[in-house]
Number of protein chains: 2
Amino acid sequence: MTGSVADSVDTVLVQAASGDYPVFVGTGALDRITDYLEAHAPAHSYAIVSDHHVAPLHGARVLDACRSAGLRAGLYTFPAGEASKTRKSWSILTDELLDEGCGRDSCVVAVGGGVTGDLAGFVAATFLRGVSLVQVPTSYLAMIDASVGGKTGVDVRAGKNLVGAFHAPRCVVADPDVLGTLPDEERGPGLVEAFKHGAILDEAYFDSLRADTAALLAADGTAAIRAVRRSVEIKADVVSRDEREGGLRQILNFGHTLGHALEAASGFALGHGAAVAEGMMLEADIGERLGVTEQGTRERLGEALGGLGLDTSAIQALDAQTVVGYLAADKKARAGRPRFVLLQGLGAVDGDGGWSREVPEDLVADVLAERVSGSQKPVGR
Amino acid sequence: MTGSVADSVDTVLVQAASGDYPVFVGTGALDRITDYLEAHAPAHSYAIVSDHHVAPLHGARVLDACRSAGLRAGLYTFPAGEASKTRKSWSILTDELLDEGCGRDSCVVAVGGGVTGDLAGFVAATFLRGVSLVQVPTSYLAMIDASVGGKTGVDVRAGKNLVGAFHAPRCVVADPDVLGTLPDEERGPGLVEAFKHGAILDEAYFDSLRADTAALLAADGTAAIRAVRRSVEIKADVVSRDEREGGLRQILNFGHTLGHALEAASGFALGHGAAVAEGMMLEADIGERLGVTEQGTRERLGEALGGLGLDTSAIQALDAQTVVGYLAADKKARAGRPRFVLLQGLGAVDGDGGWSREVPEDLVADVLAERVSGSQKPVGR
């Protein structure tokens, strides 16, 4: 880490229907957590929620900071992993907060990765019909993407994130310094959303991510701060313009229509990051074949995402028709038909038809069949 | 029913943060349900939610109306009663909607009493992070109170309505004609909230309810329409001025701080209507002793509410300290201390201290002790 970035915290403002909120990005941000809590989320007590991995690393630190500052606080934990993002975990956490006497003047502080932010966020959204929420993301995925935008929720039998609520945080505290504790294998998948931000809105950012890939995978301070800050700016800009996904926000779903279907069809053997990476390439392929997306886009995406070392082996076992079947269940489908976000080229989305469109099912099946049968070059091989 | 009111539907507008919505009040409103759905909640499919009692009476009628109008619709049912207002019922209904392929372009239509409105409303609030909702109340309680204002939720171990969300309906369709199917024993309790509306804001309305009590208990058309319309106007006015209960909306909690505690302390042997009626009288008593509430208010409340034939027998078995213990768990408590709405007199709330205030615990215990020991005249005896 260079001296020039140490203890330099930037503020990115997100405009939400329920009020604007700041995202504090920078090294040293976590040292100021109680200042942010007192200024942006004053509460009678703070319920810090972390999973069993992150609780001893960062949850306990936030708890200690609260107590040192004279704030009432408690730490609530749950088993790490996507398998905990359920209505059952949500019920247990809710009951624990009630048992501890948390009232309407409480604030939920989510300290962790994407699962923690979604799960604790849904607790906050529904606790006594809604209490305040602060997001303290500790993974690339959560910093770059999940902590900004107000989406909360849990997975159910029928699919991921199918139950939830929009519940904007009072503030987000993103300190890239904590990324050093993130397991190596979670860094690559977490960075996929950053490449997506570049792909949809900022070609120069896309190129810089590609150049910085090795440093980002090592959680190097300077590169990490630059990426988190730029991704937060892009995400904040999009959700400020369309919080509820009626219009522009749909562009954030680039790669996700097929990504979610691949992930579900594999029984989640294919991780979210790898599935979205594959989804971006497949959707670029679809766009190129339709003449909407600049030729060569899929190839550039493949070269860049290949550097992340994603494990995409589970995709080989899938068959195209099964994946197509999952597309109809996508929660962004309209009248049962899936919608796709198509690029014009790297850095620009095609806006015809309102940011997303239907695509001939045959074409989707063809593109899928080439990939799942292994006849195209897989990511990173 | 007189000819002059038949097929006369009034519209009361509620202003909500998420957009204004109309409440249609009048005989014949239910005959026009599909007009209202198409105009105010256009959707790919309608998920009609009713309990096992109401489904054959009114749920099926709405389903048939939808199908006759060419709208896709399904009927989803659950066992009648407060015991169904749980996270489990919410999970089951949610999964059923997902299994039927309901997407983000679905609309939940709650056809029933307060439990149905709260439960189906919470399904709508959280289904795919929120889909549209239409309330079709079929009980006095739901028409007069629960269907307007956007509160949804379920009960948990620690208390009633402790998990939920604010989710405004697209419209409310209140047809007093259906009240004839409401069991006799639910009419009196359902009218308690109407008397509360009079007590806090409209003395003349309070007096008219007292004069019309026999007709209201018989679900007489003219009296019922008048009461439902005036209560909806009052509730709509209050929630339009303060949707999230930060200020003025607190006045709707008159009688509820002690009412909820009595209900919980009795293990819900004391019904909600009877508990709120007792709560209003006790809180009037507290106000009189503090010199805030006009002398004689408690007596006038007792005379009026006595006409409803409420079953308050379960109150005799309570002891004051147990009830006081439940007060601290009230979800509107701040820093663990309960807040009370006090009347100036019938038709006016005391606004000092921001519509609610703390009250000396000793005074609350004294007032309670006199009632639960049976030394004061109970309601309706």
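For the structure itself, look to the data block above.
Residues numbered from 1 in each chain as written. Chains lettered and ligands numbered in written order. Predicted model: local features only at pLDDT ≥ 70, side-chain atom pairs only at ≥ 80, totals over all residues. Heavy atoms only, no water.

All names here are of chain B. The element strand β2 (residues 21-25) is extensively covered by neighbouring structure, given that five of its five residues are classed as buried. The alternating pattern of β2 places Tyr21, Val23 and Val25 and Pro22 and Phe24 on opposite faces, both of which are buried. Across five bridges, the pairing between strand β1 (residues 10-14) and β2 is antiparallel. Its bridge partner lying in β2, Asp10 is registered against Val25. Between the antiparallel neighbours β1 and β2 lie six residues, among them Gly19 with a positive phi of about 125°. Of the pairings in the sheet, the one linking β2 to strand β9 (residues 171-174) comprises three bridges and is parallel in character. Among the inter-strand pairings, Phe24 is bridged to a residue of β9, identified as Val173. (Buried < 20%, exposed > 50% of the residue type's maximum accessible area, 1.4 Å probe, protein only. Helix = DSSP H or I, 4+ residues; strand = E, 2+ residues; numbered from the N terminus. Pairing = 2+ DSSP bridges.)

In this section: unusual backbone geometry. Positive phi is not limited to glycine here, since Trp355 of chain A has a value of about 75°. A positive phi is found at Ala219 of chain B, a non-glycine position, where the angle reads about 55°. We classify Ala219 of chain B as buried; its relative accessible area is 15%.

As a further point, take the sheet that holds β9 of chain B. All names here are of chain B. With mixed pairing, the seven strands of this open sheet are ordered in space as β1-β2-β9-β6-β5-β3-β4. With partners counted over all chains shown, the strands left at the sheet margins are β1 and β4 (73-78), one partner each. Strand after strand, the sheet turns through a mean of 20° between neighbouring axes, direction not considered. Helix α3 (residues 87-99) rests against β3 (45-51), β4 and β5 (106-112) of the sheet, and its axis sits at about 155° to β4. In the packing of helix α9 (residues 221-241) onto the sheet, contacts are made with β1, β2 and β9, and the angle to β1 comes to roughly 20°. (Axes fitted to C-alpha atoms, helices over the stretch in contact; angles between N-to-C directions. Contact = heavy atoms within 4.5 Å.)

The next point concerns the relation of the copies chain B and chain A. It takes a turn of 180° to lay chain B on chain A, together with a shift of 0.0 Å along the axis; the resulting RMSD is 0.0 Å. This pairing of chains is accounted for by a two-fold axis. Interface residue correspondence from chain B to chain A reaches 100%, placing this contact among same-surface, isologous pairings. (Least-squares fit on C-alpha atoms with pLDDT ≥ 70 in both.)

Residues and elements named next belong to chain B. Applying the stated rule across the entire model yields three cavities of 30 Å³ or more. Around the largest cavity, the lining comprises 13 residues; the ones closest to its centre are Gly112, Gly113, Gly117, Gln135 and Ala142. When contributions to the lining of the largest cavity are tallied by element, the ones reaching two or more residues are β5, α4 (114-126), β6 (132-137) and α5 (140-146). (1 Å grid on protein atoms, 1.4 Å probe; cavity = no way out; pocket = protein on both sides within 12 Å on 5 of 7 lines; lining within 4 Å. Points joined across faces, edges and corners; volume = space filled by probe spheres on them.)

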